[in-house]
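One letter stands for each residue in the lines below.
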Amino acid sequence: MSSEPIEAEFARPPVLSREQEERFRTLEVERLPSVLSRPPTHVPGTPDTATEYDRTPTIGTIDDLTNELKKEGYKIVEFEKGTGEDPREWSNGKKWYVTVTTASLCLAVALGSSIITGDMQGPTLELHAQQEIINLTVTCFVMGFGIGPLFMAPLSEVFGRKPVYCVSMFMYFIFTLPSMLAHNAATLVVGRMIAGLAASAPMCNVGGSISDVWAVEERGAPMAIFSATLFMGPCLGPMVGGWIGQRVGWRWIYRVLFIYLGGCFVSTLFIPETLAPIILHRKAEKLRKETGDNSYSTVEQLEKASFRETVTVALLRPLAMLFQEPIVIFMTGYLSFIYSLLYLMFFAFPIAFAEIRGYNLGITGITFVSIMLGILLAMMLVPFQERIYAKVTKYGTFPEARLYPMMFGAFVLPTALFIFAFTGAYKWVHWFGVCFSGFLFGFAMLIIYISANSYIIDSYSDYAASAMAAKTFVRSEIGAMVPLFVEQMFHHMHFQYAGLLLALIAVVISPIPFVFFKHGERIRVRSERASKLKRIREPPMGEKYVS
């Protein structure tokens, strides 16, 4: 799996311990004991004793493993402090270049998924295609960047982040061109599918790039920028696309996207490599050439699995967890519903404002500001969540402490959908009602998203990347299906009843966080992969808690 899961970066306080983060950074491995169950890889020219598998069972950290490898005769290559080799010792200017550039890549993916919804009728009329076929341009793109990380993540471990960024953005850039120039719907759809696959690299690597260069205590501002591009980017798409489509037509939406992607690709050419194992691998290779001593190596070279094994784990372990782990199953279902609602809004808002109220495409796009404001408010309230977490974990941490925001969001989400159903359906209802529902939805979406993801990672800290890969894959594929039925649903069921159905589904699934808050501990204890941490309600014997 590729580095630590991107969702781990949004939780406050941090989900991963320093040891877990260092493990992901140094070895790109989920569970250290699984690595120690096999002999180390032999490096030609190293002492014969290095091939003997005689390790103490007390090894539990990266430092323990490094010391044991040194005892076996290897010269382990590490970062030398104060030399600038470690990306976390780079200048702030270089760090910010990496941060802004990679965040712009995430924005490119987010925009690409939604900007074309600014004018979906234009290609339908010009290419003489059914609306459902044109809607596939959104479906295929989202499906692509849902499937892509399963392959892009292992590739980044082998080749590094920079080459994967460069190839990914170049392919995304090139395969936006067929959609821009398409003379038939097939070209438009196929181009979008390939572009979506290519665009998936930032979705599974950018969080890692930021953690590569910034220490935990320095990530406040970088993560705020990254969060804005990741969460608000999809809502920005219809705003930009709506005005472009209204003024100069649908092809210019693709042209603007094409130009932006060209700039993103050029910027990737100047991104320095940030992945620690790759940097150390190059250093070790240089030392072997200069000294002729083949015992120089890195922990990652000696201990990482083969590429075939890595890909197999990346594909099969998430699938296994989807069928075996109740927490993953139900949280994935909840988050998939939330994600589907976001893409549903890209089509439902135009129905509420353009069709029912007669607003133009540009003004309709502006209404997505309401969702962005809700997201912004949720981001501002993160410090309050930290206080709640600190209070309930004063005697010891436990995963269920992450669920308080999700439990609150479980009430806000149905409220938002009920308001949306019975304000959007009627022309005589003021537009503020629909926008207020969008504001509540954006707020609920973010607090549920961050809370649920934090709970999954806390519950499966040793298998965090696999758990999140499972969730991300299902979420993206289910979200991708929405454009295929949303317009028929709102037209044939009528707006208010389609919205009511969504609100009722939100009510039905709302007990999920409460069930896991109460019974999550017992569920985790029965799992072979989950954390066994228990909630401690009283201070340890002999200790007095001082507030």
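Residue numbers restart at each chain and count upward from 1, following the sequence in its written direction. Local features in this predicted model are restricted to residues whose pLDDT is 70 or higher, and side-chain atom pairs enter the listing and the counts only when it is 80 or higher, whereas totals over whole chains, interfaces and linings include all residues. No hydrogens and no water enter the side-chain calculation; it runs on all heavy atoms of the structure.

- By the naming in an unreviewed UniProt entry, the chain is MFS polyamine transporter, taken from Gymnopilus junonius.
- UniProt positions are given in the numbering used here, feature names are shortened, and annotations may be inferred rather than shown by experiment. Regarding the chain, the UniProt comment filed under Subcellular location (unreviewed entry) reads as follows: "Membrane".

### Describing the overall build of the chain
Phase 1 of the analysis: Per the convention used, a helix needs a DSSP run of H or I reaching at least four residues, while a strand needs a run of E reaching at least two, with both numbered from the N terminus. On a plain count of helices and strands, the chain comes out with 26 helices and two strands.
Phase 2 of the analysis: Partly exposed describes any residue whose relative accessible area lies between the buried limit of under 20% and the exposed limit of over 50%, with all areas from a 1.4 Å probe on protein chains only and scaled to the type maximum. Considering the chain as a whole, with its 547 residues, one finds that 58% of them fall into the buried category.
Phase 3 of the analysis: By the convention used here, residues are in contact when the closest approach between their heavy atoms is within 4.5 Å. Taking as baseline every contact in the chain between residues at least 6 positions apart, the subset at least 24 positions apart corresponds to 81%.
Phase 4 of the analysis: Exposure was quantified through the Shrake-Rupley algorithm and a 1.4 Å probe, taking into account, for residues, occlusion by the shown protein chains and nothing else. Roughly 22500 Å² of accessible area belongs to the chain as shown, and the carbon and sulfur atoms make up 65% of that amount.

### Some words on the environment of Trp214
Phase 1 of the analysis: Position of Trp214 among the secondary structure elements: in the loop between helix H11 (200-213) and helix H12 (220-248).
Phase 2 of the analysis: According to the relative accessible area criterion, Trp214 is buried, its value standing at 4%.
Phase 3 of the analysis: Separated by 127 residues in the primary sequence, Trp214 and Pro87 have C-alpha atoms spaced 8.0 Å apart.
Phase 4 of the analysis: If near-sequence neighbours (up to four positions away) are discounted, Trp214 is found in contact with Arg88, Asn92, Lys95, Trp96, Thr99, Arg219 and Pro222.
Phase 5 of the analysis: Contacts described as polar in this section are N or O atom pairs within 3.5 Å, which, within protein, must combine one atom able to donate a hydrogen with one able to accept it, while residues neighboring in sequence count only if both atoms come from side chains. A distance of 2.7 Å separates polar atoms of two side chains, one belonging to Trp214 and the other to Thr99.

### Regarding unusual backbone geometry
Phase 1 of the analysis: Its identity as a non-glycine residue notwithstanding, His128 has a phi of 55°, on the positive side.
Phase 2 of the analysis: Tracing the sequence through the fold places His128 in the loop between helix H5 (121-126) and helix H6 (131-147).
Phase 3 of the analysis: The backbone phi angle of His494 is positive, close to 75°, even though this residue is not glycine.
Phase 4 of the analysis: In this structure, His494 sits in the loop between helix H24 (486-492) and helix H25 (495-509).
Phase 5 of the analysis: On the basis of relative accessibility, which here comes to 47%, the residue His494 falls in the partly exposed class.

### Notes on the packing of helix H7 (residues 149-159) against H11
Phase 1 of the analysis: Axes here mean lines fitted to C-alpha atoms, for a helix over just the part in contact, with angles spanning 0 to 180 degrees between N-to-C directions. Taken N-terminus to C-terminus, the directions of H7 and H11 make an angle of 50°; their axes are 8 Å apart at the nearest point. Between H7 and H11, the interaxial angle falls into the category oblique. In the packing of H7 onto H11, the handedness of the crossing is right-handed. Contacts between H7 and H11 involve Pro149, Met152, Ala153 and Ser156 on the former and, on the latter, Ser200, Ala201, Cys204 and Asn205. Angular relationships are summarised with four words: roughly parallel below 35 degrees, roughly antiparallel beyond 145, roughly perpendicular across 65 to 115, and oblique for the angles in between. Note on convention: near helix rotated counterclockwise from far helix by under a right angle means a left-handed crossing. Clockwise means right-handed.

### Thoughts on the confidence of the model for the chain
Phase 1 of the analysis: A residue's pLDDT is the confidence the predictor assigns to it, expressed on a 0 to 100 scale. Averaged over the chain, the pLDDT score is 84; the fraction of residues at 70 or greater is 87%.
Phase 2 of the analysis: Of the regions scoring below 50 in pLDDT, residues 40-57 engages in 39 contacts with residues more than four places distant in sequence or in other chains.

### Notes on the nonpolar core
Phase 1 of the analysis: Nonpolar core, defined: a set of buried Ala, Val, Leu, Ile, Met, Phe, Trp, Tyr and Cys residues in which side-chain atoms within 4.5 Å join the residues together. Counting 122 residues, the largest nonpolar core has Tyr172, Met331, Leu413 and Phe490 as the members making the most contacts within it.
Phase 2 of the analysis: Residue contributions to this core peak at 20 residues, all from helix H17 (residues 326-355).
Phase 3 of the analysis: Setting aside residues up to four positions removed in sequence, Tyr172 forms contacts with Ala108, Val109, Gly112, Phe141, Ala195, Ala198, Ala199, Leu257 and Leu261.

### Looking at the pattern of salt bridges
Phase 1 of the analysis: Any Lys or Arg side-chain nitrogen located within 4 Å of an Asp or Glu carboxyl oxygen qualifies as a salt bridge. Using the criterion set out here, one finds eight salt bridges in the structure.
Phase 2 of the analysis: Among the salt bridges present, the one from Arg524 reaches Glu400, with a minimum N-O distance of 2.8 Å. In this pair, Arg524 sits in helix H26 (residues 512-525) while Glu400 sits in the loop between helix H20 (382-392) and helix H21 (404-424), placing the two residues 124 residues apart along the sequence.
Phase 3 of the analysis: Residue class for Arg524 comes out buried when judged on its relative accessible area of 0%.
Phase 4 of the analysis: Classification of Glu400 as buried rests on a relative accessible area of 3%.
Phase 5 of the analysis: Linked by salt bridges that have partners in common, Glu80, Glu85 and Lys283 make up one network.

### Some thoughts on H21
Phase 1 of the analysis: One less than the residue count of a helix, multiplied by 1.5 Å, gives the span that helix is expected to have. With 21 residues, H21 extends 30 Å from end C-alpha to end C-alpha; this agrees with the ideal 30 Å at 1.5 Å per step.
Phase 2 of the analysis: Think of it this way: the bend at a residue is just the angle between two axes, each fitted to seven residues, one set ending at that residue and the other starting at it. Roughly 25° is the biggest bend found in H21, and it falls at Ala410, with proline Pro414 one to four residues downstream.

### Comments concerning the side chain of Arg524
Phase 1 of the analysis: Only 2.8 Å separates the side chain of Arg524 from the side chain of Glu400, close enough to count as a polar contact.
Phase 2 of the analysis: Setting aside its immediate chain neighbours within four residues, Arg524 contacts Ile327, Pro399, Glu400, Ser459, Ala530, Ser531, Lys532 and Leu533.

### Some words on the environment of Leu484
Phase 1 of the analysis: You can see Leu484 is positioned in the loop between helix H23 (464-481) and H24.
Phase 2 of the analysis: Each C-alpha atom, one on Leu484 and one on Val138, is 9.2 Å from the other, the two residues being 346 residues apart in sequence.
Phase 3 of the analysis: Once residues within four sequence positions are removed from consideration, Leu484 is found in contact with Glu132, Leu136 and Thr139.

### Quick notes on a nonpolar patch on the surface
Phase 1 of the analysis: Taken together, Phe151, Leu315, Leu316, Leu319 and Phe323 make up a surface patch of nonpolar side chains, about 510 Å² in accessible area.
Phase 2 of the analysis: On the accessibility criterion, Phe323 (65% relative accessible area) is exposed. Patch definition: residues above 30% relative accessible area lacking any salt bridge, with like charges linked at up to 9 Å and the nonpolar side chains Val, Leu, Ile, Met, Phe, Trp and Tyr linked at up to 5 Å.

### Structural notes on the packing of H6 against H23
Phase 1 of the analysis: At a closest axis distance of 8 Å, the pairing of H6 and H23 adopts a crossing angle of 175°. With respect to each other, H6 and H23 are oriented roughly antiparallel. Note on element contacts: H23 touches H6 through Phe473, Ser476, Glu477, Ala480 and Met481, opposite Thr139, Val142, Met143, Phe145, Gly146 and Ile147.
Phase 2 of the analysis: When its residues are assigned to classes, the contact of H6 with H23 shows seven nonpolar, three polar and one charged. Residues were grouped as follows: Ala, Val, Leu, Ile, Met, Phe, Trp, Tyr, Cys and Pro as nonpolar; Asp, Glu, Lys and Arg as charged; and all remaining residues, including Gly, as polar.

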